[in-house]
Amino acid sequence: MTAREIEAELLTRCAAVGRGQDASAQDQREANVFRLAALILRWRFPQEASQWFRISDAYFSQYPEQCLEPGEVVRKGWVFDLPRLRDMLTLELSRNIKK
């Protein structure tokens, strides 16, 4: 699987979780990306951000040592950069609205 395919899969998953179609983070990467998405999109997508915060908080209540600072999430390569995450996730969420 290429980096772009992995990114697309994560964005689709993030949008689904934001829309309430799933209620858990599967791993540390997802929990940190959900938290990061909530931080950068909370004003544009407040309902989705609430979901992402709730789900990431639930994960981190079990694994608090796995909660990373936003810069570390980028350094690990789980997202390319914050503007790209914001733009791509906004596009993904907008697609979901039109369906």
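Along each chain, residues carry numbers from 1 onward, in the same order as the chain's sequence is written. Only residues with pLDDT of at least 70 are given local features in this predicted model, and only at 80 or more are side-chain atom pairs given and counted; all residues enter the totals for whole chains, interfaces and linings. Computation of side-chain values: all heavy atoms of the structure, hydrogens and water removed.

S.K.: Lay out the overall build of the protein in plain terms, naming residues and giving numbers.
M.R.: When helices and strands are counted, the protein shows five helices and zero strands. Secondary structure elements are defined from DSSP: runs of H or I of at least 4 residues count as helices, runs of E of at least 2 residues count as strands, and each element is numbered from the N terminus. Start at the N end of the protein and walk to the C end: the helices and strands fall as α-α-α-α-α. The C-alpha radius of gyration computed for the protein amounts to 12 Å, which stays within 12% of the reference 13 Å derived for 99 residues, consistent with globular compactness. Its C-alpha atoms put the protein at 40 × 30 × 25 Å along the principal axes. Going through the 99 residues of the protein one by one, you find that 37% of them count as buried. In the protein, the share of contacts with a sequence separation of at least 24, taken over all contacts with a separation of at least 6, comes to 64%. For this measure, only C-alpha atoms enter the radius of gyration; the expected value for a globule follows 2.2 Å times N^0.38, where N is the number of residues. Relative accessibility under 20% of the residue-type maximum defines a buried residue, over 50% an exposed one, and the middle range a partly exposed one, all with a 1.4 Å probe and only protein chains included. Whether two residues are in contact is decided by their heavy atoms, any of which lying within 4.5 Å being enough.

S.K.: With reference to specific residues and values, describe helix H1 (residues 3–18).
M.R.: End to end, H1 covers 22 Å across 16 residues, agreeing with the expected 22 Å (1.5 Å per residue, within 8%). Residues of H1 that are buried: Glu7, Leu10, Leu11, Arg13, Cys14, Ala15, Ala16, Val17 and Gly18. At the exit of H1 stands Gly20, carrying a positive phi of roughly 85 degrees. What a helix should span is 1.5 Å times the count of its residues minus one.

S.K.: I'd like a description of the packing of aromatic side chains, backed by residues and values.
M.R.: By convention, a stacked pair of Phe, Tyr or Trp rings (six-membered ring in the case of Trp) has centres within 6.5 Å and planes under 30 degrees apart, an edge-to-face pair has planes over 60 apart, and any other such pair is tilted. Under the criterion given, the structure shown has two aromatic pairs. Summarising the aromatic geometry, the rings of Tyr59 and Phe60 are spaced 5.7 Å apart at their centres and angled 85 degrees between planes, so their arrangement reads as edge-to-face. For Tyr59, a relative accessible area of 11% gives the class buried. Between Tyr59 and Tyr63, the aromatic rings sit 4.9 Å apart at their centres with planes inclined by 40 degrees, giving tilted as the arrangement. Relative accessible area serves as the criterion here: at 35%, Tyr63 is assigned to the partly exposed category.

S.K.: I'd like a description of helix H2 (residues 28–41), backed by residues and values.
M.R.: With 14 residues, H2 extends 20 Å from end C-alpha to end C-alpha; this agrees with the ideal 20 Å at 1.5 Å per step. If you check which residues of H2 are buried, you get Glu30, Ala31, Asn32, Val33, Phe34, Leu36, Ala37, Ala38 and Leu41. Pairing of N or O atoms within 3.5 Å defines a polar contact, subject to two protein rules: one partner must be a possible hydrogen donor and the other a possible acceptor, and residues neighboring in sequence count only if both atoms are side-chain atoms. Looking at where H2 begins, the residue whose side-chain oxygen comes 3.3 Å from the main-chain nitrogen of Arg29 is Asp27.

S.K.: Would you mind going over empty space enclosed by the protein in detail, with residue names and values included?
M.R.: Cavity means a closed set of points on a 1 Å grid over the protein atoms alone, one where a 1.4 Å probe fits but cannot get out, pocket means an open set with protein on both sides within 12 Å along at least 5 of 7 lines, and lining means a residue has an atom within 4 Å of a point. Grid points are joined across faces, edges and corners, and a volume is the space filled by probe spheres set on the points. The full count for this structure, using the stated rule, is one cavity of 30 Å³ or more. The computed volume of the largest cavity comes to approximately 60 Å³. The wall of the largest cavity is formed by Glu7, Leu10, Leu11, Trp78, Val79, Phe80, Asp81, Arg84 and Leu85. Elements supplying a minimum of two residues to the lining of the largest cavity: H1 and helix H5 (82–98). At three residues, the largest contribution of residues to the lining of the largest cavity is made by H1. Three categories are distinguished: nonpolar for Ala, Val, Leu, Ile, Met, Phe, Trp, Tyr, Cys and Pro, charged for Asp, Glu, Lys and Arg, and polar for the others, with Gly belonging to the last. Partitioning the lining of the largest cavity into residue classes produces six nonpolar, no polar and three charged.

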